[in-house]
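Structural characterization, general
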Amino acid sequence: QPYSYRDLSFSVRNPGDFNTLNDLIINYKNEYLKECFMFDYYINEKAGMLKVAYRFIFQSNNETLQENQVDEIINDIIITTTVLESVDIPGINL
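Residues numbered from 1 in each chain as written. Predicted model: local features only at pLDDT ≥ 70, side-chain atom pairs only at ≥ 80, totals over all residues. Heavy atoms only, no water.

What follows is about the overall build of the protein. Scanning the protein from N- to C-terminus turns up 2 helices and 4 strands. In the protein, the succession of α and β elements from N to C terminus is β-α-β-β-α-β. Once the C-alpha set of the protein is aligned to its principal axes, its extents read approximately 45 × 25 × 20 Å. Here the protein, with 94 residues, has 38% of them falling under the buried criterion. Long-range pairs, those at least 24 residues apart, make up 68% of the contacts in the protein between residues at least 6 apart in sequence. Within the structure as shown, the protein displays about 5,900 Å² of accessible surface, and the carbon and sulfur contribution to it stands at 45%. (Helix = DSSP H or I, 4+ residues; strand = E, 2+ residues; numbered from the N terminus. Buried < 20%, exposed > 50% of the residue type's maximum accessible area, 1.4 Å probe, protein only. Contact = heavy atoms within 4.5 Å. Areas by Shrake-Rupley, 256 points an atom, 1.4 Å probe, with all protein chains shown as cover.)

Here it is in structure tokens:
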């Protein structure tokens, strides 16, 4: 079956929250989420923040996933991760 992927970039104003953010992402479970990995990590020392980006790969063994199915999962990941006050996802307003 074909796969879909989405990338999310996070700004973390309190770098101490990175481990919590990473744990939330790595431990996120969904039957269609097949893989997730960090592909960018940048510390802006002047601003005292870090930026990190993850790729999420989705696939179903039984059907071709629709865009709205993937969007629902990504939206849930966004809600799950932005409970951390110091975490923002640039370009996404909640």
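A few words on helix H2 (residues 67-81). Taking 1.5 Å as the rise per residue, H2 with 15 residues should run 21 Å; its terminal C-alpha atoms sit 21 Å apart, in good agreement. Among the residues of H2, those classed as buried are Val70, Ile73, Ile74, Ile77, Ile78 and Thr81. Along H2, the residues classed as buried sweep out an arc of 145° about the axis, all on the same side. Turned more than 90 degrees away from the buried face of H2, the exposed residues are Glu72 and Ile79. Contact partners of the buried residues in H2: strand E1 (3-12), helix H1 (18-26), strand E3 (49-59) and strand E4 (87-88). (Expected span 1.5 Å × (residues − 1). Arc of directions from axis to C-beta.)

Without other data, these values stay purely geometric and don't point to any function.
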